[in-house]
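# Geometric and topological summary
As a plain string of letters, each chain reads:
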Amino acid sequence: DAGITQSPRHKVTETGTPVTLRCHQTENHRYMYWYRQDPGHGLRLIHYSYGVKDTDKGEVSDGYSVSRSKTEDFLLTLESATSSQTSVYFCAISEILGGYTFGSGTRLTVV
Amino acid sequence: GQQVMQIPQYQHVQEGEDFTTYCNSSTTLSNIQWYKQRPGGHPVFLIQLVKSGEVKKQKRLTFQFGEAKKNSSLHITATQTTDVGTYFCAGPLIRAGSYQLTFGKGTKLSVIP
């Protein structure tokens with residue numbers, strides 16, 4: 001969707017390496033989210049942000065950290081990638097009580 | 001915590017048949033949202049229902065919000081191959097300063113031509 005971009009779209013990385021995924025928005029939305037999607041598990045919230053430098057954990061936050069130093073950017077870091085973190089990662093943005101706009105996703109493979 | 005459950009998990013229909021997916025929340029919701037994700041794509045917002053008993057239509061899609069605001073349904077009339085994908089419902093969880101959606105696990109719809 002226009003207004004939100006994720007990078008990279010695809011990445012293959014080795015076990016134990018740090019990885020950073022980027023989400024960039026041009027909508028000036030307050031809320032930003034990182035989800036992972038795996039077969040049989042649906043969309044699971046990793047971390048979210050409700051403002052610059054305001055972040056909180058979701059249901060599957062272990063092994064992940066986030067940062068939001070500007071309204072438009074929300075970074076997700078896998079501190080030391082493991083094979084269990086192979087997944088599709090989606091970023092989303094919203095205003096309160098509004099619908100989410102999702103990015104196109106990042107397919108991450110940890111080998 | 002808040003849970004949102006969807007049934008069925010999978011549905012296979014012949015093209016032209018109707019399809020319904022159901023969503024149930026463990027708590028009363030201020031609104032319910034529906035999303036569609038095409039194979040290989042990302043979830044796309046379809047609609048939001050706010051009022052108790054609300055019914056909204058988008059062409060062949062009919063969305064309902066239950067009277068108690070704890071359940072919802074999506075009905076597709078005369079399915080087409082373009083309806084293929086996974087349909088998610090989601091309910092908001094609002095805490096001081098924060099807003100997030102709890103998603104159901106989705107219903108994956110296959111349409112046999």
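Now for a description of the structure that goes with this document. (Residues numbered from 1 in each chain as written. Chains lettered and ligands numbered in written order. Predicted model: local features only at pLDDT ≥ 70, side-chain atom pairs only at ≥ 80, totals over all residues. Heavy atoms only, no water.)

## A few points about the nonpolar core
Looking at soluble globular proteins, one finds that nonpolar side chains tend to be buried together. Of all hydrophobic cores here, the largest spans 19 residues; its most connected members are A:C23, A:W34, A:I46, A:L76, A:L78 and A:Y89. For A:I46, the residues in contact, after removing those within four places along its chain, are A:W34, A:Y35, A:R36, A:K57, A:G58, A:V60, A:S61, A:Y64, A:L76 and A:Y89. Among the nonpolar cores identified, the runner-up in size contains 18 residues, and B:C23, B:I32, B:F65 and B:L74 belong to it. (Core = buried A, V, L, I, M, F, W, Y, C linked by side-chain atoms within 4.5 Å. Buried < 20%, exposed > 50% of the residue type's maximum accessible area, 1.4 Å probe, protein only. Contact = heavy atoms within 4.5 Å.)

## Some thoughts on the environment of A:S87
Residues and elements named next belong to chain A. As for its placement among the helices and strands, S87 is situated in strand 9 (residues 87-94). Judged by its relative accessible area of 6%, S87 is buried. Separated by 20 residues in sequence, S87 and R107 have C-alpha atoms that sit 6.2 Å apart. Not counting the four nearest positions on each side in its chain, S87 is found in contact with R36, Q37, D38, T106, R107 and L108. Within the local environment of S87, its side chain forms a polar contact with the backbone oxygen of Q37, the two atoms lying 3.1 Å apart. Side chain to side chain, S87 and D38 meet in a polar contact 2.7 Å long. (Helix = DSSP H or I, 4+ residues; strand = E, 2+ residues; numbered from the N terminus. Polar contact = N/O pair within 3.5 Å; in protein donor to acceptor, adjacent residues only side chain to side chain.)

## Let's talk about the interface of chain B and chain A
Facing 20 residues of chain B, the contacting portion of chain A comprises 24 residues. Buried surface at the junction of chain B and chain A, both sides included, amounts to about 1800 Å², of which 58% is carbon and sulfur. When the buried surface of chain B facing chain A is broken down by residue, B:H42, B:Y99 and B:F103 rank first, second and third, together holding 34% of it. Inspection of the chain B/chain A interface yields 0 salt bridges. Counting across the chain B and chain A interface gives 8 residue pairs in polar contact (both at pLDDT 80 or more). For the side of chain B that touches chain A, the elements supplying multiple residues, two or more each, are strand 4 (32-37), strand 5 (44-49), strand 9 (85-95) and strand 10 (98-103) of chain B. Tallying contributions element by element places strand 10 of chain B first for the side of chain B that touches chain A, with 5 residues. Looking at the side of chain B that touches chain A residue by residue, the classes come out as 8 nonpolar, 10 polar and 2 charged. (Buried area = accessible area lost by both parts, 1.4 Å probe. Salt bridge = Lys/Arg side-chain N within 4 Å of Asp/Glu carboxyl O. Nonpolar A, V, L, I, M, F, W, Y, C, P; charged D, E, K, R; others polar.)

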